[in-house]
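Chain by chain, the residues run as shown.
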Amino acid sequence: MTFRPPKGTDDILPPESLRWRRLLQIWDDITARYGYELVMTPIFENTEVFARAIGEATEVVQKQMFTWEDKGGRSMTMRPESTAAVVRAYLNAGRRGIFKGAHSGPMFRYEQPQAGRRRQFFQVSAEYLGTDSPEADVEVIELGHRYYSEVGIDGVEVQLNSIGDSESRAAYRQVLAEYLEPKRAELCEDCQKRMDQNPLRVLDCKVDGPKLTNAPAPVDHLNTESAEHFDAVKAGMERAGIGYIDDPRLVRGLDYYTKTVFEYTVPTYDAAQSSLGGGGRYDGLAEQLGGPTVPAVGFSLGLDRIVLALGDADEEPALDVFVVVAGDRTNALGAMRLLRQRGLRVDSLPAPASVKAQFKAADRRNAAAVLVVGEGLADGAMTVRRLSDGHEETMTLEEVAAWVTS
Ligand code: HAM
């Protein structure tokens, strides 16, 4: 008997995992280049952290959290997102001022599973804490945008909006409540409750949201400071050469946002997967979690959706050299050790294996080249075959390292 992974979760094995490894390597590299430091937090938190940060009236908190009571009677929740956790960690460490954090890992939301909508999914996130400068908003948006282009997804659009600071939001909330009140009876049961908790959440309800096309837009109710901030972000985006689409209806599904909100979309994809990532400014979140005011902005990108978006695009070889042992194993193992020390990705089959089986394995592993190590040749020369075109050359081990890397 065998077991399947739980509903809405996936096992990721080669060849698909080759793509995952590459996505994570590019993520590590790009965040280092932009000065974001690694931060890791637990995979579960006290439920209160998410309830306060994400908001009681949100779909995520109301319907999608994996919550349980631990043996000590405390309510725990598998993280449905990690921004709240990173801010909690920053506050708990007694940090103040600027902190640029890169974090990644599996998140958990109880969803109706489909392609690109999983119960366990993987996010990479960047958070820029400790500044309300519009430059931070632009840097963060640029970083996400650049990541898509480096992993090979073209045509990603930035949908951009501002929902204003807390003062603008309070004014807008009033206007929205007045607009919604006469429609109360037509709204779904959840939205009738949301109207009293946070009417903004009615706009992203899957049932009612699409019907409310002429609802007032937050961007039309910004106070001077929020409007100036938004203008500065847009000007910065233009200077950075990043195109964006004004989307006055974009509010995002989490309560912690203030001012800038954005989403990365690919218009040709299915609606369920079209949001490849999203984020925004959250100047009030640290206070919400009991800390001082810490203005901040960040985003999270869904790797499951990026993998889907990449489709079956040809992968680069996963190995530089596959060593075929045609004679003495000691020579072959020594050769492998040296090539690995030179930074090449090298593998072989364990003994005993026929030469034919070893060549088959080289193909299966999608190696760039095969190195045949025979009986101790006096001059140390070996045969290397490039697998893409069958081209063969005889050379020394040091030459092999140089040949493959070139
Ligand atoms: P979010 O929009 O909830 O934002 O999620 C960001 C991305 O995670 C989505 O655009 C999508 O690609 C992916 N995602 C979300 N749910 C699922 C799912 N069930 N299955 C597969 N992929 C999914 C956040 O999580 C915020 N923490 C973003 C942020 C960071 N804001 C500020 N800093």
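Residues numbered from 1 in each chain as written. Predicted model: local features only at pLDDT ≥ 70, side-chain atom pairs only at ≥ 80, totals over all residues. Heavy atoms only, no water.

A. Up close: the domain arrangement of the chain. Annotation of the chain at the domain level lists domain 1 (16-165 + 223-310) and domain 2 (319-405). One C-alpha centre belongs to domain 1, the other to domain 2, and the line joining them spans 44 Å. (Domains from an automatic or database assignment.)

B. Structural context of the sheet that holds strand β13 (residues 346-347). Taken together, five strands build an open sheet; the order of strands is β13-β12-β14-β15-β16 and the sheet is mixed. Lying at the two open borders of the sheet, with one neighbouring strand each, are β13 and β16 (392-395). As defined by bridge partners, strand β14 (residues 367-373) adjoins strand β15 (residues 382-386) across four bridges and the pair is classed as antiparallel. Paired with Val-372 across the strands is Thr-383, a residue of β15. Sitting on the sheet, helix α13 (residues 355-364) is in contact with β12 (319-325), β14 and β15, with an inclination near 175 degrees to β12. Contacts from helix α14 (residues 397-405) reach β12, β14, β15 and β16, with the element oriented near 140 degrees to β16. (Pairing = 2+ DSSP bridges. Helix = DSSP H or I, 4+ residues; strand = E, 2+ residues; numbered from the N terminus. Contact = heavy atoms within 4.5 Å. Axes fitted to C-alpha atoms, helices over the stretch in contact; angles between N-to-C directions.)

C. Main features of the sheet that holds strand β4 (residues 75-78). What the three strands build is an open sheet, ordered β2-β4-β3; its pairing is antiparallel. The outermost strands of the open sheet, each flanked by one partner alone, are β2 (44-46) and β3 (67-69). Across the sheet, the mean angle separating the axes of adjacent strands is 30 degrees when strand polarity is ignored. Strands β2, β3 and β4 of the sheet are contacted by helix α2 (residues 47-54), whose axis makes an angle of about 80 degrees with β2.

D. Up close: helix α5 (residues 134-151). Over its 18 residues, α5 runs 26 Å from end to end, which matches the ideal 26 Å to within 8%, given 1.5 Å per residue. Of all the positions in α5, only Ala-136, Asp-137, Val-138, Val-140, Ile-141, Leu-143, Gly-144, Tyr-147, Tyr-148 and Val-151 are classed as buried. (Expected span 1.5 Å × (residues − 1). Buried < 20%, exposed > 50% of the residue type's maximum accessible area, 1.4 Å probe, protein only.)

E. Local environment of the side chain of Glu-45. Mapped onto the fold, Glu-45 is located in strand β2. By relative accessible area, which is 5% here, Glu-45 ends up buried. Here the side chain of Glu-45 touches Arg-88 through a polar contact of 2.6 Å, side chain to side chain. Setting aside chain neighbours within four positions, we find Glu-45 in contact with Phe-50, Ser-75, Met-76, Thr-77, Ala-85 and Arg-88. (Polar contact = N/O pair within 3.5 Å; in protein donor to acceptor, adjacent residues only side chain to side chain.)

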